[in-house]
Amino acid sequence: MARRRTRGTATEEVWIAFAGRGEMAWLRLFRPGFRHCFAALADAEGWTLVDPLSGRLVVQRLAAPRDFDLPGFWRRAGFRVLGPFTPTPPRPSLLPPLLPATCVTACLALLGRRRRFLLSPHALYRTLHAELAAGAN
């Protein structure tokens with residue numbers, strides 16, 4: 001079961017979505033259905049989209065209330081969606097992250113996790129799906 005972190009009275013949840021299409025030709029090397037991932041952070045005020053695109057990071061506050069079913073909307077649009085996850089509290093580190101800046105590493109950073117060998121969206125999906133399944137038991 002996911003722990004929830006609160007700031008005051010706000011509860012934060014992270015949802016991760018996986019897309020089958022990517023804008024760069026080299027993304028065709030990844031498994032179909034898992035060529036890109038992006039996230040949304042839900043708090044008491046609403047939704048914030050975090051979409052790490054090639055060449056830029058989009059962070060946008062959505063004009064949707066917290067009770068809007070954004071994960072359901074994404075599922076109806078054809079994305080695979082996992083969540084909710086609770087971001088871990090910040091913790092000190094001796095070294096900076098030594099991985100390339102990708103959609104996977106951005107989603108992991110939003111979750112507050114450090115995983116060295118999760119390099120593809122499908123590997124991230126399998127890991128997070130297993131965590132959810134283990135928490136459901």
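Provided above is the structure to which this section pertains.
To keep things clear, this report deals only with the structure shown in the data block. Not measured: the values here are computed from a predicted model.

Thresholds applied
Residues numbered from 1 in each chain as written. Predicted model: local features only at pLDDT ≥ 70, side-chain atom pairs only at ≥ 80, totals over all residues. Heavy atoms only, no water. Helix = DSSP H or I, 4+ residues; strand = E, 2+ residues; numbered from the N terminus. Buried < 20%, exposed > 50% of the residue type's maximum accessible area, 1.4 Å probe, protein only. Contact = heavy atoms within 4.5 Å. Areas by Shrake-Rupley, 256 points an atom, 1.4 Å probe, with all protein chains shown as cover. Phe/Tyr/Trp six-rings, centres within 6.5 Å; stacked < 30°, edge-to-face > 60°. Patch = residues over 30% accessible without salt bridge, like charges linked within 9 Å, V, L, I, M, F, W, Y side chains within 5 Å. Salt bridge = Lys/Arg side-chain N within 4 Å of Asp/Glu carboxyl O.

**Here we look at the overall build of the protein chain**
- Scanning the protein chain for helices and strands turns up three helices and six strands.
- Shown N-terminal to C-terminal, the secondary structure of the protein chain runs as helices and strands in the order β-β-β-β-β-α-β-α-α.
- Considering the protein chain as a whole, with its 137 residues, one finds that 39% of them fall into the buried category.
- Taking the contacts inside the protein chain whose residues are at least 6 apart along the sequence as the reference set, 53% of them involve residues at least 24 apart.
- When the accessible area of the protein chain is evaluated, it comes to approximately 8700 Å², of which 59% is carbon and sulfur surface.

**Notes on the side chain of Thr105**
- If you trace the backbone, Thr105 turns up in helix H2 (residues 103-111).
- Residue Thr105 is classed as buried on the basis of its relative accessible area, which comes to 18%.
- The contact partners of Thr105, leaving out residues within four places of it in the chain, are Leu99 and Pro100.

**Re the packing of aromatic side chains**
- Applying the stated criterion across every chain, the model contains six aromatic pairs.
- Three or more aromatic residues link up through ring pairs in this structure, and these residues are Phe18, Phe34 and Tyr125.

**Topic: the environment of Thr48**
- You can see Thr48 is positioned in strand E4 (residues 46-53).
- The buried category is assigned to Thr48, whose relative accessible area is 14%.
- Along the backbone, Thr48 and Val14 are 34 residues apart, and their C-alpha atoms lie at a distance of 9.5 Å.
- Leave out the neighbours within four places in its chain, and Thr48 touches Ala39, Ala40, Leu41, Val59, Gln60 and Arg61.

**Some thoughts on a nonpolar patch on the surface**
- A surface patch of nonpolar side chains, about 430 Å² in accessible area, is lined by Leu94, Leu95 and Leu98.
- On the accessibility criterion, Leu95 (57% relative accessible area) is exposed.

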